[in-house]
Amino acid sequence: MTHIRVRTGVLGLALVAGLVAPATATAAPPPPASAPTVEERRLDGEVPREILRRSGFAGVAPAFARGLGRADSYREARRIVAREGSALWRRAVDRAQGRGPARGDISRDDDRPLYWARLGMTRELRAWAPDFRLSERQREALLGVLERASRGQGDIRLPHGERDKGLRRVLLTGFDPFTLDRDIRISNPSGAAALALDGTVIDTPDGPARVETAVFPVRWRDFAQGAVERALRPYLPRVDLFTTVSQGRVGRFDVERTNGAWRGGFADNDNVSRTGTVPVADPASQPQWTTTTLPYEAITAADTGRFPVYDNTSVTEIPAGGTEPVVRPEGPTPGSAARAGGGGDYLSNEIAYRATLLRDRLGLHGTLPGGHVHTPVLQFGAGNTDPATGAVTDPAFVQSRLDIVAQVRAIVAAAVSTPKRGRS
């Protein structure tokens, strides 16, 4: 990517693009479902334990393990996993939205308790040794149920019927924290926005809009296995607007105009790297580029909050007939091969590419506003920048996250207030 982006700071590197060589690059197959992952092994650090303790989520995984211990069949285990995964999502949403006791002194808007509690649950599920036979395939299936339920992907409740007539429907997605080996204290404001906005109604000049949300992992493998398409396909034909959201650059929001079909190799949360064309179904019809249908002019013109909002048109391509990547500030040229979308070449670009490609394959390009928004990087306050000695939270950190979440809400309001194109 560009030299300017390299200077945005380490927290902005990953979901914008693989701006540096990945810390670990491997093509090794995933470990058995019963073996703890790289992500899960980070739970043994003091910071995750402190976040869980200070948020009241420390008991989530042990309680889940006790519930699993009572299962006497795969069917019963699946029921428990689905119930407890969904309960974790609802608990995190309720905490973020001020319902029920906070159960800890970490601010309610924090997305990290959900992330670390989920990993505690998946680790317990991998280690579980039931009295009945459980195959690796069945364990993988249970892990999939837990992932989807605890990410809100099974909890999307779009309004319908006469009672909700006139209520706009918005689908918004966020991401887990990432680059945890650089700073394990890290939070992701896109995940915090998903928790804060799930199930809420935004009042706009054109009427109310109901927002439903979900979060996604920062793992190449899940995306290659169709996690995005599986989660979004049932809902895109039924919403009035969608936006995928991730953390991007320092000090700014970006509405990403163009998404590229390229993985740049930056290591994910399991320290796995992938480079090459984004793997999708029906690759013969796969385009190199997809475009936003969000009303970027209206979004960038609106007064949405503290941070400037840009219409980002830049991409990196290999021009038709060329061999070397070229940065194109105004977007791709005809016949070029993608090397980075406006949102880079990591998983933020990929979720934007997959979601907008799905929109187009469903025949909704001309009627459904949708695309990707990058938030500013969430930074700790001055004097709290050393991961080895710093506090897990501070007032500046909390205020910045609150400001970013509020601005995401305002951006959604501006987008959904823009007149729709041919949609009733």
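Remember, predicted model here, so these are calculated numbers, not experimental data. (Residues numbered from 1 in each chain as written. Predicted model: local features only at pLDDT ≥ 70, side-chain atom pairs only at ≥ 80, totals over all residues. Heavy atoms only, no water.)

**Quick notes on the overall build of the protein chain**
The helix and strand tally for the protein chain stands at 14 helices and 14 strands. In terms of C-alpha radius of gyration, the protein chain reaches 21 Å, essentially the compact-globule figure of 22 Å for 424 residues. Of all 424 residues assigned to the protein chain, the portion counted as buried reaches 57%. When contacts within the protein chain are restricted to residue pairs at least 6 apart in sequence, those whose partners lie at least 24 apart make up 79%. On the protein chain, the mean spot of the 57 positive side-chain charges and the mean spot of the 48 negative ones are 4 Å from each other. (Helix = DSSP H or I, 4+ residues; strand = E, 2+ residues; numbered from the N terminus. Rg over C-alpha atoms; globule rule 2.2 N^0.38 Å. Buried < 20%, exposed > 50% of the residue type's maximum accessible area, 1.4 Å probe, protein only. Contact = heavy atoms within 4.5 Å. Lys, Arg positive; Asp, Glu negative; His and termini not counted. Charge placed at Lys NZ, Arg CZ, Asp CG, Glu CD.)

**A closer look at the pairing of strand E1 (residues 168–175)**
Burial within E1 is extensive, with seven of its eight residues counted as buried. Both E1 and strand E3 (residues 207–216) contribute to a ladder of eight bridges, which runs parallel. By the bridge assignment for E3, Val170 is matched with Val211. By the bridge criterion, four bridges tie E1 to strand E4 (residues 241–247) in an arrangement that is parallel. Bridged to Thr173 within E4 is Thr244. (Pairing = 2+ DSSP bridges.)

**Brief notes about the pairing of strand E11 (residues 315–318)**
Along E11, one buried face is formed by Val315 and Glu317 and the opposite face, lined by Thr316 and Ile318, is buried too. Two elements, E11 and strand E12 (residues 326–328), share three bridges in a ladder whose sense is antiparallel. The partner of Glu317 across the bridge, within E12, is Val326. Pairing analysis gives three bridges linking E11 to strand E13 (residues 337–340), with the strands arranged antiparallel. Among the inter-strand pairings, Thr316 is bridged to a residue of E13, identified as Ala340.

**Focus on empty space enclosed by the protein**
Left-over empty space is what a probe sized like a water molecule reveals as it rolls over the atoms. Applying the stated criterion across every chain, the model contains three cavities of 30 Å³ or more. Of the volumes computed, that of the largest cavity is approximately 80 Å³. The wall of the largest cavity is formed by Leu172, Leu241, Thr243, Val245, Leu294, Ile299, Val373, Val408, Ile411, Val412 and Ala415. When residues of the lining of the largest cavity are traced back to their parent elements, those giving at least two are E4 and helix H14 (395–417). By residue number, the principal contributor to the lining of the largest cavity is H14, which donates four residues. Its residues assigned to classes, the lining of the largest cavity shows 10 nonpolar, one polar and no charged. If you trace the second largest cavity, you find it lined by Asp111, Leu114, Tyr115, Arg118, Phe175, Asp176, Pro177, Gly191, Leu195 and Val215. Contributing elements (two or more residues each) for the lining of the second largest cavity: helix H7 (112–127) and helix H9 (189–197). Ranked by residues supplied to the lining of the second largest cavity, first place goes to H7 with three residues. (1 Å grid on protein atoms, 1.4 Å probe; cavity = no way out; pocket = protein on both sides within 12 Å on 5 of 7 lines; lining within 4 Å. Points joined across faces, edges and corners; volume = space filled by probe spheres on them. Nonpolar A, V, L, I, M, F, W, Y, C, P; charged D, E, K, R; others polar.)

**Quick look at the sheet that holds E13**
Across a sheet, strands are paired by hydrogen bonds formed along the backbone, either parallel or antiparallel in direction. In space, the three strands of this open sheet follow the order E12-E11-E13, with antiparallel pairing throughout. The sheet is open, and its two borders are formed by E12 and E13, each paired with just one other strand. Strand-to-strand twist in this sheet, taken as the mean axis angle between neighbours without regard to direction, amounts to 45°. (Axes fitted to C-alpha atoms, helices over the stretch in contact; angles between N-to-C directions.)

**A word on the confidence of the model for the protein chain**
In the predicted model, the protein chain carries a mean pLDDT of 92, and the fraction of residues at 70 or more is 91%. In the model, residues 17–27 has pLDDT below 50 throughout and makes 33 contacts with residues more than four positions away in sequence or in other chains. (pLDDT = per-residue confidence, 0-100.)

**Notes on the nonpolar core**
In terms of nonpolar packing, the biggest core is built from 64 residues, with Val81, Trp116, Leu125, Trp128, Leu172 and Phe253 touching the most fellow members. Those residues in contact with Leu125, other than ones at most four positions away along the chain, are Phe64, Leu68, Val81, Arg139, Leu142, Leu143 and Leu146. Leu171, Phe242, Ile351 and Leu364 belong to the second-largest nonpolar core, a separate cluster that totals 24 residues. (Core = buried A, V, L, I, M, F, W, Y, C linked by side-chain atoms within 4.5 Å.)

**Thoughts on the packing of aromatic side chains**
The tally for this structure, following the rule as stated, stands at eight aromatic pairs. Between Phe216 and Phe223, the ring centres sit 6.3 Å apart and the planes meet at 75°, which makes this aromatic pair edge-to-face. Ring geometry for Phe266 and Tyr346: centres 5.3 Å apart, planes at 70°, overall edge-to-face. With a gap of 80 residues between them, Phe266 in the loop between strand E7 (262–264) and strand E8 (275–277) and Tyr346 in the loop between E13 and helix H13 (347–361) connect regions that are remote in the sequence. (Phe/Tyr/Trp six-rings, centres within 6.5 Å; stacked < 30°, edge-to-face > 60°.)

**Notes on the sheet that holds strand E2 (residues 201–204)**
Pairing is mixed in the open sheet, where seven strands are placed in the order E2-E3-E1-E4-E14-E5-E10. On the outer flanks of this sheet lie E2 and strand E10 (309–312), each paired with one strand and no other. Within the sheet, the average angular offset between the axes of one strand and its neighbour, ignoring direction, is 30°. The strands that H14 touches are E1, E2, E3, E4, strand E5 (253–256), E10 and strand E14 (370–375); relative to E2, the one it contacts most, it runs at about 55°.

**Quick look at helix H8 (residues 136–150)**
With 15 residues, H8 should reach 21 Å at 1.5 Å per residue; the first-to-last C-alpha distance of 21 Å fits that figure. Every buried residue belonging to H8 is among Arg139, Leu142, Leu143, Gly144, Val145, Leu146, Glu147, Ala149 and Ser150, and all of these are buried. The secondary structure elements touched by the buried residues of H8 are helix H5 (60–69), helix H6 (74–96) and H7. Immediately downstream of H8, the backbone of Gly152 shows phi near 80°, a positive value. (Expected span 1.5 Å × (residues − 1).)

**Quick notes on unusual backbone geometry**
Positive phi, close to 55°, is recorded for Arg103, a residue that is not glycine. Relative to the helices and strands, Arg103 resides in the loop between H6 and H7. Of the residues examined, Arg103 reaches a relative accessible area of 51% and is grouped as exposed.

**Let's talk about the pattern of salt bridges**
Per the stated rule, a full pass over the model turns up 35 salt bridges. Across the pair Arg219 and Glu147 runs a salt bridge whose closest N-O atoms are separated by 3.2 Å. In this pair, Arg219 sits in the loop between E3 and helix H10 (220–224) while Glu147 sits in helix H8, placing the two residues 72 residues apart along the sequence. There is no split in this pair, since Arg219 and Glu147 are both buried. A salt bridge links Asp183 to Arg185, with the shortest nitrogen-to-oxygen separation between them at 2.9 Å. Exposure class is identical for Asp183 and Arg185. Each is buried. Here the salt bridges share partners, and the residues they tie into one network are Glu39, Arg118, Glu147, Arg151, Asp176, Arg219 and Asp222. (Salt bridge = Lys/Arg side-chain N within 4 Å of Asp/Glu carboxyl O.)

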